[in-house]
Amino acid sequence: MDASVLKQKDSRWAMILILGLLVTGVWDALFLNKPALRFVVSGFFNTICVALLVVVFTLIFAWIVTLVLNYLESHNRRASYMLVTFLLNTIRSVPQVVGILFGYIAVGIMLQNGIIRGALPVFPLLAVSISVFVFIEFVDLMRERIAHYKKLDFYNAMQVCGISESRIINIDILWKNSRIHIFNKLISVFGAAIFLQCSVDFIISVGLSTDVNATALPATMGSMLANIDSKQDVLAIGYALTHPLYVGNLFFEHLQGLTVAFLIVFLLVCTFHIANGYAQRHRL
Amino acid sequence: MKTKLAEHFFSVVFVTVLLLLLLFVVRSSSNAVINKEKARLSAYGDLGFVDFKDSFHKALLKDVINAYYPDQYDTNAVIVNEILASREKEFSEKIQKSYIEEKLSGAKILQLCGMYVKFLLVYIVVMLLTYYGVQTLGVYRFVRKKQMLLQRKKSLLFRSKTAMKAIGTTAAYFVLFSPAYVIAYSIRTEFNTDTIIFMALLGVISNGLLVTYMNKFFAFLTAESRKGYIDTAIVKNLNNAYGQHEKGGISYAEIFRPFKTFDGHVFDHIYKNARYQYLSTVKEQASFLISGLIIIEMALNIHGHLSYELLRQLLYKNYDIVIVIVLFIFYTVKGTEVFVDLLINREEKKYENK
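Conventions adopted
Residues numbered from 1 in each chain as written. Chains lettered and ligands numbered in written order. Predicted model: local features only at pLDDT ≥ 70, side-chain atom pairs only at ≥ 80, totals over all residues. Helix = DSSP H or I, 4+ residues; strand = E, 2+ residues; numbered from the N terminus. Buried ≥ 20, exposed ≤ 12 C-beta atoms within 10 Å, placed from the backbone. Contact = placed C-beta atoms within 7 Å. Nonpolar A, V, L, I, M, F, W, Y, C, P; charged D, E, K, R; others polar. Axes fitted to C-alpha atoms, helices over the stretch in contact; angles between N-to-C directions. Parallel < 35°, antiparallel > 145°, perpendicular 65-115°, else oblique. Left-handed = near helix turned anticlockwise from the far one by under 90°. Expected span 1.5 Å × (residues − 1). pLDDT = per-residue confidence, 0-100. Core = buried A, V, L, I, M, F, W, Y, C linked by C-beta atoms within 7 Å.

1. Describing the overall build of chain B
Helix and strand counts for chain B come out as 14 helices and 0 strands. For chain B, the N- to C-terminal ordering of α and β elements is α-α-α-α-α-α-α-α-α-α-α-α-α-α. For chain B, buried positions account for 26% of its 354 residues. In chain B, once contacts between residues fewer than 6 apart in sequence are set aside, the share between residues at least 24 apart is 74%.

2. As for the interface of chain A and chain B
Across the contact, 34 residues belong to chain A and 38 residues belong to chain B. Taken together, the elements giving at least two residues each to the side of chain A that touches chain B come down to α4 (78-92), α5 (96-112), α10 (179-207), α12 (228-242) and α14 (255-281) of chain A. Top contributing element to the side of chain A that touches chain B by residue count: α12 of chain A, with 8 residues. Taken together, the residues of the side of chain A that touches chain B break down into 22 nonpolar, 10 polar and 2 charged.

3. Some words on the environment of isoleucine 173 of chain A
All names here are of chain A. Looking at the secondary structure, you find isoleucine 173 in helix α9 (residues 165-176). Spatially, the C-alpha atom of isoleucine 173 lies 9.4 Å from that of histidine 148, the residues being 25 residues apart in sequence. Apart from residues lying up to four places away in sequence, isoleucine 173 is in contact with Arg145, Ile146, Tyr149, Ile168 and Ser178.

4. Quick word on the packing of helix α2 (residues 9-31) of chain A against α14 of chain A
Residue and element names in this part refer to chain A. Running from amino to carboxyl end, α2 crosses α14 at an angle of 170 degrees, the nearest separation of the two axes being 7 Å. Between α2 and α14, the interaxial angle falls into the category roughly antiparallel. Between α2 and α14 lies a crossing of left-handed hand. Tallied by class, residues from the contact of α2 with α14 come to 12 nonpolar, 7 polar and 4 charged.

5. Considering helix α8 (residues 209-225) of chain B
The terminal C-alpha atoms of α8 of chain B lie 24 Å apart, and with 17 residues this matches the ideal 24 Å at 1.5 Å per residue to within 8%. Those residues of α8 of chain B that sit buried are Leu209, Leu210, Val211, Thr212, Tyr213, Met214, Phe217, Phe218, Phe220, Leu221 and Glu224 of chain B.

6. Considering the confidence of the model for chain B
Confidence in the prediction for chain B averages 83 pLDDT; 88% of positions are at 70 or higher. This complex was scored by the predictor with a pTM of 0.84 and an ipTM of 0.84.

7. Quick word on the nonpolar core
Judged by nonpolar contacts, the single largest core of 135 residues is most densely connected at Val54, Ala193, Ile203 and Ile264 of chain A together with Ala299 of chain B. A total of 16 residues in this core trace back to one element, the largest contributor, which is α14 of chain A. In this structure isoleucine 203 of chain A touches Leu101 of chain A together with Ile295, Met298, Ala299 and Leu311 of chain B, once residues within four positions along its chain are discounted.

Next comes the structure, spelled out in structure tokens:
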């Protein structure tokens, strides 16, 4: 491997992420019992799957809303513009976790009442309920980029040349000149999606398991951590802090909870460093 | 500023009206279900005097209904059974829900207000601590980076120090990025994690809040330090020494003091301009912090706290109380937004001659 790749923070942390996941996977394959291993693997992939869907939905929502706001602003539809801005700001004022919690409850109730069946529509619905409370920051970024480029000469020059406004905004501003910023933000959205998803799943599994059937929702790392076995494993860390000789046992006897807790934190740390490194490399 | 305040006002009115309407709908729908059930049985008159445990009373009721509606003995038997089943259901539901069903009363609102005050107290403390922490850590990291540039990089001591520091920083990142429930469960066997102090501490150090915003503040400092006016100031001989033991350097006391000023130093201008930009992210930080506190209270099941109460009432389907708690949380975010906007407005007047 080219050593210069590892000198860049984002590439280095991407490698650390892959290696960390591989080492954890091999260790678990050797020492974790098979049912628990299957449980952990499915939870991990479900979490990643929902987080990736959140990234996709966030991008779609943000792009559409940005275009709508830009259209309303440039065509002097002041009332409609203010209404959309007002609604966006109102969503912004709802703490993400509260909004997502209600979204998850709605999906759980739909599942229980048979309105939706199977895991296939559940993943996108969960992702949508997270995206709704995450995409507004993305709209801000896209609008900042458009506003910045609108001040430059090339925007007017392109318009004079007869290039349509939608092409200038979609292709020249957002794609050609802002995709690095957008990609950087998408990495952060991925991290935020994992954090919010795990937290809401944990809360639902701990506090609402009789109201919203936790088994109806797909198992994610949050719900797995709330599982009694995992909780016992995490509690063992506290015991190891005051009984250092017990530390060795954690990696063999408490592997399920430890793996899940480690994966959540490790994913968050790596995502943060990758996004940070990417921003540094491109001087964002 | 007036437009912003008007928008906040309308937003508060809009959400309040929306949630109060929802409250009205929830109340009327639950009343409608009860009334429908009662209406069906009220066709047979007031049966309050009948003791359904007494078989004589039951037989008497059957005879009375048969006397009133002769020639439909089978239907009458079904009706009596229905009345009995309904009474039993009503009785068992009363017992089952006696400790979970709560109505929104004056006393309940007062209890919720107490919880809200507690929530606000923790929120304000954590917000102040993170506001200080973000700036202090950001400044510390920036100054340390400048100091590192002065050190001899190839020496073994420097390399071993850097390696140790990297290990320490990575360990710190793992703690700071851990969701609150992971940290709390990890130490629950050894410490009491249900206290307000622990909750506030957890709010500061967990969920990645401190690191994320410290990093933003550091980015503002770095971006500001690269601007032309800083170069001009340095060329014009403004103090630019960062070393701890250097004359005119920046000391730890200056970095860690709550109200930071670096008089006569070029960093004073970098810091003030970065702080001004940071103010616009405080709203976002506050919303993230409130999410974090809600996660802590809910995930750790901290009894007697607002968010735990929200979870409990959701579980027991007391939706009218849920609506009031959501409204309280919304007001907290809005209050913070208004406060930050006023603060930004004051700073704008100072820096942008508005």
